[in-house]
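Per-entry structural report
For reference, the chains in residue letters:
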Amino acid sequence: MFLFNVRVYGLLINEQDEILLSDEEHQSVRFSKFPGGGLEYGEGLLDALRREFMEECETPIEVLEHIYTTDFFEKSSFNESQIISIYYLVKPLEQLKCRISTGSFDFQDDGAVKQSFRWVKRTALSPDDVTFLTDKIAIEKLHEFTNKAGS
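Quick look at the structure, then. (Residues numbered from 1 in each chain as written. Predicted model: local features only at pLDDT ≥ 70, side-chain atom pairs only at ≥ 80, totals over all residues. Heavy atoms only, no water.)

What follows concerns the packing of aromatic side chains. The full count for this structure, using the stated rule, is five aromatic pairs. Here the aromatic rings of Y9 and Y87 are separated by 5.3 Å at their centres, their planes lie at 25°, and the arrangement is stacked. Of this pair, Y9 sits in strand β1 (residues 4-12) while Y87 sits in strand β6 (residues 82-92), and the two are 78 residues apart along the sequence. On the basis of relative accessible area, Y9 is assigned to the buried category, the value being 6%. Relative accessible area serves as the criterion here: at 0%, Y87 is assigned to the buried category. (Phe/Tyr/Trp six-rings, centres within 6.5 Å; stacked < 30°, edge-to-face > 60°. Helix = DSSP H or I, 4+ residues; strand = E, 2+ residues; numbered from the N terminus. Buried < 20%, exposed > 50% of the residue type's maximum accessible area, 1.4 Å probe, protein only.)

Structure, rendered in structure tokens:
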């Protein structure tokens, strides 16, 4: 059976013009990406994104703008599904409650979930800062969006 894996991610930029990245380890694989995750059955995209931010960052968000949706085939790194990723610009409705690290992969020893968050200056954000191809393209789309918005 051919499976689709729909993922939704938030591009959160703070007042210092930094973007939030998530460093994670899953099945002994380390990767950097944007906060977010998988759509659950019966859930809409925006509801899923809000849920993911509450689960990961303990913070409610407002979804501001669609930035990018995967427009090519990408196989999951973890199973036989096809990944479809949707990226939105978001803003927090409260101060972030998750722990922010100064370095990558700065995991606290708190059980099975290995995840840490860090800020990267938006203007210095590079596709090399993330692991997966869709995230790399989302960075390019974000730069295009912010360049248009700034002009």
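As a further point, take the environment of P35. Position of P35 among the secondary structure elements: in the loop between β3 (29-33) and β4 (36-38). Each C-alpha atom, one on P35 and one on Y87, is 10.0 Å from the other, the two residues being 52 residues apart in sequence. What P35 contacts, discounting residues up to four positions off in sequence, is V8, Y9, G10, L20, S22, F53, E56 and F117. (Contact = heavy atoms within 4.5 Å.)

Before going further, it helps to spend a moment on the sheet that holds β1. Read across the sheet, four strands follow the order β4-β1-β6-β5 without closing on themselves; strand pairing throughout is mixed. In this open sheet, the two edge strands, each paired with only one partner strand, are β4 and β5 (61-69). Across the sheet, the mean angle separating the axes of adjacent strands is 25° when strand polarity is ignored. (Pairing = 2+ DSSP bridges. Axes fitted to C-alpha atoms, helices over the stretch in contact; angles between N-to-C directions.)

The next point concerns the pattern of salt bridges. Evaluated as defined, the whole model comprises 13 salt bridges. For K114, the salt bridge goes to E25, with nearest N and O atoms at 3.7 Å. With K114 in strand β8 (residues 114-121) and E25 in strand β2 (residues 18-26), the pair connects residues that are 89 residues apart, well separated along the chain. Salt-bridge contacts for E94 lead to K97; the nearest nitrogen and oxygen are separated by 2.3 Å. (Salt bridge = Lys/Arg side-chain N within 4 Å of Asp/Glu carboxyl O.)

This next bit is on the sheet that holds β8. Spatial strand order, β3-β2-β8-β7: four strands in an open sheet with mixed pairing. Among the strands making up the open sheet, the edge pair consists of β3 and β7 (100-101). Pairing geometry for β2 and β3, over five bridges, is antiparallel. The partner of H26 across the bridge, within β3, is V29. Where helix α1 (residues 45-57) meets the sheet, its contacts fall on β2, β3 and β8, and the angle it forms with β8 comes to roughly 105°.

With respect to the helices and strands, S81 occurs in the loop between β5 and β6. Overall, the relative accessible area of 4% leaves S81 in the buried class. Filtering out sequence-adjacent residues up to four positions away, S81 remains in contact with L3, F4, N5, E74, K75 and S76.

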